[in-house]
Amino acid sequence: MARLFDAVIIVDWTAAETKKLGDQSVWIGVAKRDVRFRLYTETHNVATRAEGEALLNKLISEHRKRGDRVLVGLDFNFGYPVGTAARLKLDGTPWSAMWKFIAANVVDKADNTNNRYQVAAKMNRLMTDEAWPLWGAPAKQAQRWLTTTKPPAGSGADIPEFRATEDAARKGKLQPKSVWQMHGAGAVGGQTLTGIPMVRRLLESLGDAGTVWPFATGWRALDAADVEPLSAVVVEVWPSMFDAKPEAGEYKDQAQVRVTAEALAKMDDAGDLAKAFAPPKGAGEALVQQVEQEEGWILGA
């Protein structure tokens, strides 16, 4: 069975407010083949999101010139729990309306300074006029609509804490964080707010040569005919699923992008990757619509 992709690029994003290398910074792992078609991986580390975006564009462009097809995985949420766009009174398809709203509100400068906590507070004000559902900020960023700690149980009780994909992933031993958490170990809220505008720009620059799963492709198995006309398929990944162990001298995030890229490339070799794009058995029509139109899904969850 032919592989769907010639290379896999995995990005470990960050919401850091200062320039930073090493742990908790932007890492990019690329799994590709040498002249003898043997799989190997290279990793890159950059100090700012702007440099990360430029490098990602460069890597995709180099593969595109060779006629390669690339799977691009990013480690933050592509969507929010069902009903978020409606609470923000956004028009249009929920995922796309959310992306537009976030891109219009987030200011992310070249030196990594950004306004993610102000945007979180604005979302809370518009959604509930309380300090939830988004929560978690350093003390100096706390304000009326954003607290340092998790809101009391039952606050915004009708707002789901997790998307369906996190609920599916939580059935195992892994415990993904909620996108509502903005600060603290493993929090993904800030990465999501700074990451979505970057993905939106990336897809705009790719035009017809790029697509985002499952929003633009539908939540279904992809085959060679789906991927053939494209340079890049962009997906959400969760590296913790692949249980990366750092090698000697390797950073944790570096190991995660390397191992995730290798794992997905090997799944592709084995013919198992195509099926990973499809819904789990028993997914009903309502869930499929929820995932395709608003929430998205973690590849392989």
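This report concerns the structure included in the present document. Residue indices follow the written sequence of each chain, beginning from 1 at its first position. Thresholds applied to this predicted model are a pLDDT of at least 70 for local features of residues and 80 or more for the giving and counting of side-chain atom pairs; totals over whole chains, interfaces and linings are not thresholded and use all residues. Note that the side-chain values use all heavy atoms of the structure and ignore hydrogens as well as water.

### Considering the pairing of strand β6 (residues 232–236)
At step 1: Relative accessibility thresholds used throughout: buried, under 20% of the residue-type maximum; exposed, over 50%; partly exposed, between the two (1.4 Å probe, protein chains only). Only DSSP runs of H or I covering at least 4 residues are called helices, and only runs of E covering at least 2 are called strands; the numbering of each starts at the N terminus. Taken across its five residues, β6 has five buried, putting it largely inside the fold.
At step 2: By the alternation rule, side chains of β6 split into Ala232, Val234 and Glu236 and Val233 and Val235, which are all buried.
At step 3: Think of it this way: DSSP has to see at least two bridges between two strands before they count as a pair. Sheet topology note: the strand β4 (residues 70–74)/β6 ladder contains five bridges and is parallel. By the bridge assignment, Val72 is partnered in β6 with Val234.
At step 4: Where strand β5 (residues 210–212) lies against β6, three bridges are found, and the strand directions are parallel. Looking at β6, one finds that Thr211 is bridged to Val233.

### With respect to the packing of aromatic side chains
At step 1: Here a pair means two rings of Phe, Tyr or Trp (six-membered ring of Trp) with centres within 6.5 Å. Their orientation is stacked below 30 degrees between planes, edge-to-face above 60, and tilted elsewhere. Per the stated rule, a full pass over the model turns up 10 aromatic pairs.
At step 2: When the centroid spacing of 6.4 Å and the interplanar angle of 55° are considered together, the rings of Trp13 and Phe76 count as tilted. Taken together, the residues Trp13 in the loop between β1 (7–12) and β2 (26–33) and Phe76 in the loop between β4 and α2 (84–87) connect sequence positions 63 residues apart. For the residue pair Trp13 and Phe76, the accessibility class agrees, reading buried in each case.
At step 3: Taking 5.7 Å as the distance between ring centres and 45° as the angle between the ring planes, the aromatic pair formed by Trp27 and Tyr251 counts as tilted. Placement of the pair is Trp27 in strand β2 and Tyr251 in the loop between β6 and α8 (252–269), with a sequence separation of 224 residues.
At step 4: Take Trp27: its relative accessible area is 5%, and that puts it in the buried class.
At step 5: Among the residues examined, Tyr251 registers a relative accessible area of 38% and is labelled partly exposed.
At step 6: Members of the aromatic cluster, each reached through a chain of ring pairs, are Trp13, Phe76, Phe78, Trp95, Trp99 and Phe215.

### A closer look at the pairing of strand β3 (residues 39–46)
At step 1: Note that β2 and β3 share eight bridges and pair antiparallel. Following the sheet pairing, Val26 is matched in β3 by Val46.
At step 2: Between β2 and β3, which pair antiparallel and follow one another directly, the connecting turn spans five residues, one of which, Phe37, has a positive phi of 65°.

### Quick look at helix α4 (residues 116–127)
At step 1: Taking 1.5 Å of rise per residue, the 12 residues of α4 would be expected to cover 16 Å, and the 16 Å separating its terminal C-alpha atoms lies within 8% of that figure.
At step 2: Turning to α4, its buried residues number three or more, namely Arg116, Tyr117, Val119, Ala120, Ala121, Met123, Asn124 and Met127.
At step 3: Any two residues whose heavy atoms approach within 4.5 Å are treated as being in contact. Each element contacted by the buried residues of α4 is listed here: α2, α3 (94–105) and α6 (189–206).
At step 4: Immediately downstream of α4, the backbone of Asp129 shows phi near 60°, a positive value. Here, expected helix span is obtained from the residue count minus one, scaled by 1.5 Å.

### Points about unusual backbone geometry
At step 1: Of note, the amide linkage connecting Trp132 to Pro133 takes the cis form, showing an omega dihedral of 10°.
At step 2: Its place among the elements puts Pro133 in the loop between α4 and α5 (164–169).
At step 3: Note the cis peptide between Trp213 and Pro214, where omega equals 0°.
At step 4: Take Pro214: it is sitting in the loop between β5 and α7 (224–227).
At step 5: Not every positive phi belongs to a glycine, and Asn112 is a case in point at roughly 85°.
At step 6: A positive phi angle, near 60°, is found at Asp129, a position not held by glycine.
At step 7: Position of Asp129 among the secondary structure elements: in the loop between α4 and α5.

### Points about the sheet that holds β3
At step 1: The sheet built from six strands is open, its strands ordered β3-β2-β1-β4-β6-β5 with mixed pairing. Two strands close off the open sheet at either side, each with one partner strand: β3 and β5. Across the sheet, the axes of successive neighbouring strands diverge by a mean angle of 20°, strand direction being ignored.
At step 2: With five bridges joining them, β1 and β4 adopt parallel strand pairing. Paired with Ile10 across the bridge in β4 is Gly73. Interaxial angle, 0 to 180 degrees, is taken between N-to-C directions of lines fitted to C-alpha atoms, where a helix line uses only the stretch in contact.

### Side note on the environment of Arg163
At step 1: Relative to the elements of secondary structure, Arg163 occurs in the loop between α4 and α5.
At step 2: Each C-alpha atom of the pair Arg163 and Gln191 lies 16 Å from the other, and the pair is 28 residues apart in sequence.
At step 3: If we skip the residues at most four places from it in the chain, Arg163 touches Asn77, Phe78, Gly79, Tyr80, Pro81, Glu236, Glu295, Gly296, Trp297 and Ile298.
At step 4: In this structure the side chain of Arg163 is engaged in a polar contact, spanning 2.7 Å, whose partner is the side chain of Glu166. The definition of a polar contact used here is a pair of N or O atoms within 3.5 Å, where within protein one atom must be able to donate a hydrogen and the other to accept one, and adjacent residues in sequence count solely through side-chain atom pairs.

### As for α3
At step 1: Counted at 1.5 Å a residue, the expected span for α3 with its 12 residues is 16 Å, and the 16 Å between its end C-alpha atoms agrees.
At step 2: Taken as a whole, α3 has its buried residues at Pro94, Trp95, Ala97, Met98, Trp99, Phe101, Ile102 and Asn105.
At step 3: The inward-facing, buried residues of α3 abut α2, α4, α6, β5 and α10 (285–295).

Spatial relationships are all this shows, so hold off on functional conclusions.
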